[in-house]
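Now for the letters of each chain:
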There are 2 protein chains.
Amino acid sequence: MTSDITQDFFMDLAEIAARESLPFFRQPIAVDNKKEAYFDPVTQADRQTEAALRQFIRLHRPQDSILGEEVGLDKGENDYTWVIDPIDGTRSFICGVPVWGTLVGLLHQTRAIAGMMAQPFTGELFYANETGSFFTRHGGDGCYLPVQKLKTRTMTNLEEATLFTTAPAMFDERTRNAFQKLEKCVKLTRFGTDCYAPAMLAAGFVDLVVEAGVQPYDIIALIPIIEQAGGVVTCWDGTPAEKAGNIIAAATPQLHARALEILQTFFL
Amino acid sequence: MTSDITQDFFMDLAEIAARESLPFFRQPIAVDNKKEAYFDPVTQADRQTEAALRQFIRLHRPQDSILGEEVGLDKGENDYTWVIDPIDGTRSFICGVPVWGTLVGLLHQTRAIAGMMAQPFTGELFYANETGSFFTRHGGDGCYLPVQKLKTRTMTNLEEATLFTTAPAMFDERTRNAFQKLEKCVKLTRFGTDCYAPAMLAAGFVDLVVEAGVQPYDIIALIPIIEQAGGVVTCWDGTPAEKAGNIIAAATPQLHARALEILQTFFL
């Protein structure tokens, strides 16, 4: 067994995600609330997609651990752990807006080494392994179009940068203050994209992504996609992004350093 | 000449929009700023798409007026005016996120009677004429999938509703206060969708869309799509949405009335 996950393996995972999630997309669907404190929706689409992805991974990588958003940890026998968010952006999913995605990442010990973000409605697949960060899309005939290598933009000026985050509501008062300081420095701020923004950062069309209070399954899969494209992603205190929590991703190390400096007023 | 615009006419417009805009999408593109006061981007994709749509409409409806975001008004000889936003959501466009769309609406005197929202990257087409509000999408073979009739959700409870808006930055202090009052009443608020949210309202997956300071070309095309699907769309003071400005769209008349009551604290 090697840790190098092939393009075909990601394509198989993306096919499974599409098969399980799309029949529920833009259909009337029961939405359950996972949390008492606020609205944290989950649907049959989340549960069914995670179950099918787990089954496939278990079959092909029987010794690895699997951690999923809906089911939790299934402990394996080696140092590899698959981390699954079957539908990252369930709020977008239930609203019919195709900026949700299926996230599957692979940890070796505590380090993210491979991952994918698949968007079944648009047929897009972003993935990374030890050889780079890549993009492809289903063509008209059901086959994938030629694979393109992803490369972040060479943006170093904060004043020219485009900043993305999911929703104002994800911030508490202290993190909101730090975020708003950063927002005042950049050229353009956009909201509402979940996993789509980090994918666009890797593709070179977004320069900064800042999120607060994210879970490991929200970010692990995206770390290799960002890093292998030339980007930098960490927690707001500069520690590895695999820890999750408050996250900042940037197109270049210079931009990351400048944005981090502003966000770290959070710790003062 | 009749005012009833056929499905084929909208499909032709959507083809033109795709042909002109997609070659620029997710490519390095020069972004100009239209306003001095803030960042209001425009690209060659906006200009080229509007020019091609104008040319097609001029050819097939030579007596109608045409008003476009980038070029302005071309005065015709009758009571019909086409209103074009070649790329509604240029900010999303330049960030690679496919929630922008091409909007083409038709006014008879001051009333919106037909319109379309096309999303070229996903191949989606939402349109309305005197016979109803409809959705179709490019299938794998380049043909359109069977057309579906759009119908808003039968949502009347504000506490169960999903609310969309484009960006917190679109509100000034007074409109933000009113919006935040409404936000506190609903189940879920989402940001960042431009013309995609009204389309999802017509399709039955979003219940309320609230925007501030919009231009006629941002809303005219969407009015028939919302109304023919059973929704209600007006300005915040209850006057016709064709005037543009501050806009509220709702899935049902009851929900519209309840949300309007809250937003109208704006006028106190």
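Cut-off values and rules
Residues numbered from 1 in each chain as written. Chains lettered and ligands numbered in written order. Predicted model: local features only at pLDDT ≥ 70, side-chain atom pairs only at ≥ 80, totals over all residues. Heavy atoms only, no water. Helix = DSSP H or I, 4+ residues; strand = E, 2+ residues; numbered from the N terminus. Rg over C-alpha atoms; globule rule 2.2 N^0.38 Å. Buried < 20%, exposed > 50% of the residue type's maximum accessible area, 1.4 Å probe, protein only. Contact = heavy atoms within 4.5 Å. Areas by Shrake-Rupley, 256 points an atom, 1.4 Å probe, with all protein chains shown as cover. Buried area = accessible area lost by both parts, 1.4 Å probe. Salt bridge = Lys/Arg side-chain N within 4 Å of Asp/Glu carboxyl O. Polar contact = N/O pair within 3.5 Å; in protein donor to acceptor, adjacent residues only side chain to side chain. Core = buried A, V, L, I, M, F, W, Y, C linked by side-chain atoms within 4.5 Å. Pairing = 2+ DSSP bridges. Disulfide = S-S within 2.5 Å. Phe/Tyr/Trp six-rings, centres within 6.5 Å; stacked < 30°, edge-to-face > 60°. Lys NZ or Arg CZ within 6 Å of the ring centre and 35° of its normal. Axes fitted to C-alpha atoms, helices over the stretch in contact; angles between N-to-C directions. Least-squares fit on C-alpha atoms with pLDDT ≥ 70 in both. Expected span 1.5 Å × (residues − 1).

Draft legend 1. View of the overall build of chain A. Looking only at helices and strands, chain A has 8 helices and 15 strands in total. Computed over C-alpha atoms, the radius of gyration of chain A comes to 18 Å, within 12% of the 18 Å expected from 2.2 N^0.38 for 268 residues, which places it in the range of a compact globule. Sorting the 268 residues of chain A into buried and exposed places 60% on the buried side. Sequence separation of 24 or more characterises 60% of the internal contacts of chain A that already satisfy a separation of 6 or more. Accessible surface, chain A: about 10500 Å² in total, of which carbon and sulfur atoms supply 52%.

Draft legend 2. Seen up close, the interface of chain B and chain A. Counting residues at the interface gives 34 residues for chain B, matched by 34 residues for chain A. Together, the buried faces of chain B and chain A total about 2900 Å²; carbon and sulfur atoms form 67% of this surface. Counting the contacts that link chain B with chain A gives 4 salt bridges. Residue A:Arg190 is joined to B:Asp194 by a salt bridge in which the shortest nitrogen-to-oxygen separation is 3.0 Å. Where chain B touches chain A, the interface holds 10 residue pairs in polar contact (both at pLDDT 80 or more).

Draft legend 3. The nonpolar core, seen in detail. With 97 residues, the main nonpolar core has A:Met117 and B:Met117 as its most contacted residues. Once you skip the residues sitting within four places of it in the chain, B:Met117 turns out to touch B:Gly101, B:Thr102, B:Leu103, B:Glu124, B:Leu125, B:Phe126, B:Cys195, B:Tyr196, B:Ala199, B:Leu222 and B:Ile225. A:Met155, A:Ala161, A:Phe179 and B:Ala212 belong to the second-largest nonpolar core, a separate cluster that totals 44 residues.

Draft legend 4. Focus on the sheet that holds strand β9 (residues 132-137) of chain B. Residues and elements named next belong to chain B. Read across the open sheet, the 8 strands follow the order β4-β3-β5-β6-β7-β8-β9-β10; overall the sheet is mixed. The open sheet has two edge strands, β4 (72-74) and β10 (148-149), and neither has a second partner. By the bridge criterion, 7 bridges tie strand β5 (residues 80-88) to strand β6 (residues 101-108) in an arrangement that is antiparallel. In the sheet register, Thr81 faces β6, and the bridge partner there is Leu107.

Draft legend 5. Up close: the state of the cysteines. For the structure shown, the criterion picks out 0 disulfides over all chains. In this structure A:Cys185 is not part of a disulfide, and its nearest cysteine sulfur, from B:Cys95, lies 18 Å away. Unpaired in terms of disulfides, B:Cys235 finds its nearest cysteine sulfur in B:Cys195, a separation of 18 Å.

Draft legend 6. Broad picture of the packing of aromatic side chains. Scanning the entire structure with this criterion turns up 23 aromatic pairs over all chains. Ring plane angle 45 degrees and centroid distance 5.4 Å describe the contact between A:Phe9 and A:Phe56, whose orientation is recorded as tilted. Placement of the pair is A:Phe9 in helix α1 (residues 7-21) and A:Phe56 in helix α2 (residues 44-60), with a sequence separation of 47 residues. Considered together, A:Phe9 and A:Phe56 belong to a single accessibility category, that of buried residues. Grouped by ring-pair contacts, the aromatic residues A:Phe171, A:Phe179, A:Phe191, B:Phe171, B:Phe179 and B:Phe191 constitute a single cluster. The positively charged end of B:Arg137 is found above the aromatic ring belonging to A:Phe121, 3.7 Å away from the centroid.

Draft legend 7. Fine view of the sheet that holds strand β13 (residues 208-214) of chain A. Residues and elements named next belong to chain A. Across the sheet, 5 strands lie side by side as β12-β11-β13-β15-β14; this open sheet has mixed pairing. This sheet does not close on itself; its edge strands, each paired only once, are β12 (188-191) and β14 (232-235). Strand-to-strand twist across the sheet, computed as the mean angle between neighbouring axes with direction ignored, equals 20 degrees. Pairing geometry for β14 and strand β15 (residues 245-250), over 4 bridges, is antiparallel. Pairing of Thr234 across the sheet is with Ile248, part of β15. Set on the sheet, helix α8 (residues 253-263) makes contact with β13, β14 and β15; between it and β15 the angle comes to about 145 degrees.

Draft legend 8. Broad picture of the relation of the copies chain B and chain A. Its rotation angle being 180 degrees, the transformation that places chain B on chain A also includes 0.0 Å of axial translation and leaves an RMSD of 0.0 Å. Those values place the two copies in the arrangement expected of a two-fold rotation axis. Comparing interface residues between copies, 100% of those in chain B also lie at the interface in chain A; the contact surface is shared.

Draft legend 9. Representation of unusual backbone geometry in the model. Notably, A:Gln109 is not glycine yet its phi reads approximately 55 degrees, a positive angle. With respect to the helices and strands, the residue A:Gln109 is situated in the loop between β6 (101-108) and β7 (111-119). For B:Asp194, which is not glycine, the phi dihedral falls at a positive 50 degrees. Inspection of the secondary structure puts B:Asp194 in the loop between β12 (188-191) and α5 (196-203).

Draft legend 10. Summary view of the environment of B:Leu158. Residues and elements named next belong to chain B. With respect to the helices, strands and loops of the structure, Leu158 is situated in the loop between β10 and β11 (162-165). Separated by 96 residues in sequence, Leu158 and Gln254 place their C-alpha atoms 9.3 Å apart. Those residues in contact with Leu158 that lie beyond four places of it in its chain are Leu182, Cys185, Val186, Lys187, Leu208, Leu255, Arg258, Ala259 and Ile262.

Draft legend 11. The arrangement of helix α4 (residues 173-185) of chain A in detail. All names here are of chain A. The first and last C-alpha atoms of α4 sit 19 Å apart over 13 residues, in line with the 18 Å expected at 1.5 Å per residue. Those residues of α4 hidden inside the fold are in contact with β11 (162-165), β12, β13, β15 and α8. Sitting at the amino-terminal end of α4 is Asp172, which places a side-chain oxygen 3.2 Å from the backbone nitrogen of Arg174.

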